[in-house]
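Descriptive structure summary
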Amino acid sequence: MESKVVDENEEGPVVPMRVDRFGFVKQEHGNIEGLARSRSAFEYQRDERRIRKWRKMIGVGGSDWKQYVRRKPHVVKRRIRKGIPDCLRGLVWQLISGSRDLLLLNPGVYEQLVIYETSASELDIIRDISRTFPSHVFFQQRHGPGQRSLYNVLKAYSVFDRDVGYVQVGLPLVQQYLFQFDRLVKEHMPKLGEHFAQEMINPSMYASQWFITVFSYSFPFHLALRIWDVFLFEVKLPFEKLIHALRNFPEDAMNPDILLSMAFSIKVSKHLKELKQEYDQQREKPPASPVKQ
């Protein structure tokens with residue numbers, strides 16, 4: 001009987017990857033929040049109505065966006081808090097951030113920064129690229145289109161703003177957020193704050209990544225997107241969500257509609273300004289002089 005010689009280098013059959021609706025490779029175990037599920041007729045019709053409202057609000061290519069924001073800012077805020085439709089999120093983020101206008105007003109500038117300029121941080125950027133959403137199909141291929149696109153954006157900014165360059169952490173701002181969050185935990189959840197103090201656990205040990213990445217790696221992606229919707233429009237970190245997440249973590253806490261609506265019911269924005277002033281005052285105090293023996 002003739003035996004078949006197996007070449008260890010021979011590639012086997014290609015098994016297609018299963019991905020969720022956002023492009024992340026599906027894990028075979030457990031439930032993935034981002035996976036598409038069958039929707040009821042009611043849910044489908046509701047989502048279609050939301051999309052039609054959003055299209056009417058932003059206009060063709062975003063032509064009506066600015067006027068609508070000026071006329072009905074509260075409507076825009078409410079709809080963003082409910083969540084931007086996935087099919088329109090890319091365009092809406094450009095409109096919210098103003099990047100679309102900047103691109104149109106500065107033709108060729110981005111290409112100039114990417115192609116003809118050099119950055120002192122190019123090696124650092126290349127090193128970090130592979131760590132960005134490694135389970136997403138767009139970023140998995142080394143030097144592929146996804147990694148290359150992200151590299152171009154990071155390099156362009158490091159050249160455009162050389163004073164900032166390429167940095168992963170805005171440390172002073174993160175320290176301010178950690179100070180504010182620590183105080184909020186102690187005020188809203190004194191038992192938990194006291195427990196953390198007894199165990200010598202400070203927010204920098206568990207919350208730094210929350211603020212550094214604006215929750216991109218801390219929450220399921222579908223929830224992180226909703227937080228970014230609010231963050232980009234309201235230009236503030238949603239401390240209310242953190243307080244709620246620590247105070248009450250029910251089974252459905254990862255449902256954006258439930259978590260965000262409950263989080264927005266906790267009002268801390270005014271107090272955050274007071275805590276920022278307190279933080280700034282503490283930073284301005286001169287260090288204590290050593291005690292002479």
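Provided above is the structure to which this section pertains.
Since the model is a prediction, treat every value here as computed from it, not as a measurement.

1. So, the nonpolar core
- Grouped together as the largest cluster of nonpolar side chains are 18 residues, with contacts concentrated most on Phe 181, Ala 207, Phe 211, Phe 215, Leu 223 and Ile 227.
- Sorting the residues of this core by element identifies helix H10 (171-188), helix H12 (208-212), helix H13 (221-234) and helix H15 (256-263) as the ones contributing at least two each.
- Ranked by residues supplied to this core, first place goes to H10 with five residues.

2. Here's the deal with a nonpolar patch on the surface
- A grouping of Met 17, Val 19, Val 137 and Phe 138 is seen on the molecular surface, where their side chains present a nonpolar patch of about 340 Å² in accessible area.
- For Met 17, the location among the structural elements is in the segment before helix H1 (41-58).

3. Considerations on the pattern of salt bridges
- Under the defined criterion, the tally for this structure stands at 15 salt bridges.
- Two residues, Arg 127 and Asp 128, come together in a salt bridge whose shortest N-O distance is 3.3 Å.
- Relative accessible area serves as the criterion here: at 5%, Asp 128 is assigned to the buried category.
- One salt-bridge network, held together by shared partners, links Arg 21, Asp 86, Arg 89 and Asp 229.

4. Description of unusual backbone geometry
- Here the phi dihedral of Phe 133 falls at roughly 45°; this positive angle occurs in a residue that is not glycine.
- Following the sequence through the fold, Phe 133 ends up in the loop between helix H7 (122-129) and helix H8 (137-140).
- One non-glycine residue, Met 200, adopts positive backbone phi at about 55°.
- Within the element layout of this structure, Met 200 appears in the loop between helix H11 (190-198) and H12.
- Taking relative accessible area as the criterion, Met 200 reaches 67% and is therefore assigned exposed.

Reading guide: rules and limits
- Residues numbered from 1 in each chain as written.
- Predicted model: local features only at pLDDT ≥ 70, side-chain atom pairs only at ≥ 80, totals over all residues.
- Heavy atoms only, no water.
- Core = buried A, V, L, I, M, F, W, Y, C linked by side-chain atoms within 4.5 Å.
- Buried < 20%, exposed > 50% of the residue type's maximum accessible area, 1.4 Å probe, protein only.
- Helix = DSSP H or I, 4+ residues; strand = E, 2+ residues; numbered from the N terminus.
- Patch = residues over 30% accessible without salt bridge, like charges linked within 9 Å, V, L, I, M, F, W, Y side chains within 5 Å.
- Areas by Shrake-Rupley, 256 points an atom, 1.4 Å probe, with all protein chains shown as cover.
- Salt bridge = Lys/Arg side-chain N within 4 Å of Asp/Glu carboxyl O.

Read these as layout, nothing more, since geometry by itself doesn't imply function.
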